[in-house]
Amino acid sequence: MTSRDPWWANAVCYQVYVRSFADSNGDGIGDLEGLRSRLGYLELLGVQALWLTPFYRSPMADHGYDVADPRDVDPVFGDLAAFDAVIADAHECGMKIIVDVVPNHSSDQHEWFQAALAAEPGSPERARYVFADGEGDEPPNNWPSIFGGPAWTQVPDGQWYLHLFAPEQPDLNWANPEISEDLAKTLRFWLDRGVDGFRIDVAHGMAKPDGLPSIPADELKQFSELLAAPEHDPRFDADGVHDIHRMIRSVVDEYPDKLALGEIWVRDADRFAMYLRPDELHQAFYFGLTEAVYDADEIREAITSGLQAAESVGSHSTWTLSNHDVVREVTRYGDGELGTRRARAMALVELALPGAVYIYNGEELGLPNVDLPDEVLQDPTWERSGHTERGRDGCRVPVPWEGNEPPFGFSTAEDTWLPMPPEWRELCVEKQLEDPGSMLSLYRSAIDLRQKNPAFTGNTVEWFAGPAGCFAFRRPGGLICALNTSGAPVPLPPGDLLLASGPLAEDGYLPTDTAAWLA
Ligand code: GLC
Ligand code: CA
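Residues numbered from 1 in each chain as written. Chains lettered and ligands numbered in written order. Predicted model: local features only at pLDDT ≥ 70, side-chain atom pairs only at ≥ 80, totals over all residues. Heavy atoms only, no water.

Draft legend 1. Structural context of the sheet that holds strand 7 (residues 152-154). Taken in spatial order, the three strands of this open sheet run 6-8-7, and their pairing is antiparallel. Of all the strands in the sheet, the pair left with one neighbour each is strand 6 (131-132) and strand 7. As judged from the two bridges shared by strand 6 and strand 8 (residues 160-162), these two strands associate in the antiparallel manner. Paired with alanine 132 across the two strands is tryptophan 160, which belongs to strand 8. (Pairing = 2+ DSSP bridges. Helix = DSSP H or I, 4+ residues; strand = E, 2+ residues; numbered from the N terminus.)

Okay, here's the thing in structure tokens:
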């Protein structure tokens, strides 16, 4: 880290899924006041910034990613005064606040969409959304929605409107200047209230290709996966999107030291890097580690391409193992004791890297995904897929804080918005804080070292040759990080041990599914 680096360059940031973090008023749903009451915990964890998922006015068809008024707080989460209190207290604790904005679509309850429904085809009200005529009973093209089913819904006068996500999330028409003016107004509204940056939802969406071409039939199948956005998907990553990011950047730059961070599910490294050009976004979520299976070669490959993409445009990398849209890593890596051991190792790999790290709430507790019963599922994917895809609820179960039974201090209500498993008594914050061997203690030590130890400097990594199934890299400041996925113990690289994700073998070897930091 050099003194010229912006605050986000190497920050450890923490994603608060507000609904699941802490409930202050006993309705079983997390809220802003609940978050405020737990800021001390986040300070103890040592994170430098919080990203809050949407808390704006919303009918909650997609838990807040369907925004009915982007410049107000939904009563479920509190009010503007509660937000102001969160930001004031977070700043007091030295933490930055990043808020989500959702420019690709609005809620169907947004006053604009209600006006569009009431208006005629061809009217200025309809021109704020993507309305089109179909062919008889057929929609204008064959695009599927990310949540299953067609991306088009027909209205009574016969026209169709586009929704890449749920029908309750109509896509905005970014060819209409009114839409960018309104987003600029929203950005300034929150910047004036003191936010330090924005996470831009579906930042590879928004612009639509001319003529809205259908997807070739033989490619259609691969486009039904959640947010996979493979190459040549006409729904995402249209060239026109970059003008929108230049507009966003110019508004954000009116205020000093503010971050524009995009959610960009674009696999092609060169196309991904385009979003990070000097007049576009400062940073973007890179999902290489989220998608890599637990294998040293694959993880190394993901790291290399993430570093290269950022470097090619003079930006700073970001790393993330999970978020509210993907299966939690403990589960992805094999669940139970094995999955936890591997997740511990990956936490050290991630926190050893140059760039920003985004931790999803509960990751620092080693929470696994939860197998929820059918009747409690709420993600629109469950209904839209005709009950074939269970959706994302399993990674969104509320955070367990203390005590011996649900709701573990998350709420005073027994009925939390998603049920919490009784086995999570072992994973509560309170228990883990006292246990030096817990996942939480590992995260705290690792974050502390990363912040204070001069070995964690320099923006590059140098790879060592090592045994198959293992890797080790060195940062210019002297930090060495070694990971063993090989199935057998291997010798450690030379250096003094700073931290290991699990006990070393008797001869000082690095056991499998373990990572170590040396300097
Ligand atoms: C983003 C969000 C996801 C949401 C979708 C639609 O991918 O992370 O939770 O469902 O956008 O807004
Ligand atoms: Ca609440």
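Continuing now.
Draft legend 2. Expanded view of the coordination of the calcium ion (ligand 2). Protein coordination at the calcium ion (ligand 2): the donors are Asp23 (OD), Asn25 (OD1), Asp27 (OD), Ile29 (O) and Asp31 (OD), at 2.2 to 2.3 Å from the metal. Sequence positions of the residues that donate to the calcium ion (ligand 2) give the spacing D-x1-N-x1-D-x1-I-x1-D. Classification of aspartate 23 as buried rests on a relative accessible area of 10%. (Donors = N, O, S within 2.8 Å, 3.2 Å for Na, K, Ca; no water. Buried < 20%, exposed > 50% of the residue type's maximum accessible area, 1.4 Å probe, protein only.)

Draft legend 3. Quick look at the packing of aromatic side chains. Within this structure, the stated rule accounts for 26 aromatic pairs. Between phenylalanine 113 and tyrosine 129, the ring centres sit 4.9 Å apart and the planes meet at 80 degrees, which makes this aromatic pair edge-to-face. In this pair, phenylalanine 113 is assigned in helix 4 (residues 111-118) and tyrosine 129 in the loop between helix 4 and strand 6, connecting sequence segments 16 residues apart. Geometrically, the ring pair formed by tryptophan 463 and phenylalanine 473 is edge-to-face, given 5.3 Å between the ring centres and 70 degrees between the ring planes. Of this pair, tryptophan 463 sits in strand 14 (residues 462-463) while phenylalanine 473 sits in strand 15 (residues 470-474); the two residues are 10 residues apart in sequence, bridging distant segments of the chain. Owing to a relative accessible area of 0%, phenylalanine 473 belongs among the buried residues under this scheme. Feature note: the residues Trp51, Trp265, Phe285, Phe287 and Tyr358 constitute an aromatic cluster, connected by ring pairs. Over the ring of tryptophan 401 we find arginine 38, and its NZ or CZ is 4.1 Å from the ring centre. (Phe/Tyr/Trp six-rings, centres within 6.5 Å; stacked < 30°, edge-to-face > 60°. Lys NZ or Arg CZ within 6 Å of the ring centre and 35° of its normal.)

Draft legend 4. Highlighting the site of ligand 1. Not every one of the 15 residues close to ligand 1 is listed here, only the nearest: Asp62, Asp201, Glu263, His324 and Asp325. Within the contact set of ligand 1, an oxygen atom lies 2.8 Å away from a side-chain nitrogen or oxygen of aspartate 201. Glutamate 263 places a side-chain nitrogen or oxygen 2.7 Å from an oxygen atom of ligand 1. Burial of ligand 1 by the protein chains amounts to 100% of its free accessible area of 310 Å². Per-class residue counts for the shell around ligand 1 are five nonpolar, three polar and seven charged. (Near = heavy atom within 4 Å. Polar contact = N/O pair within 3.5 Å; in protein donor to acceptor, adjacent residues only side chain to side chain. Areas by Shrake-Rupley, 256 points an atom, 1.4 Å probe, with all protein chains shown as cover. Nonpolar A, V, L, I, M, F, W, Y, C, P; charged D, E, K, R; others polar.)

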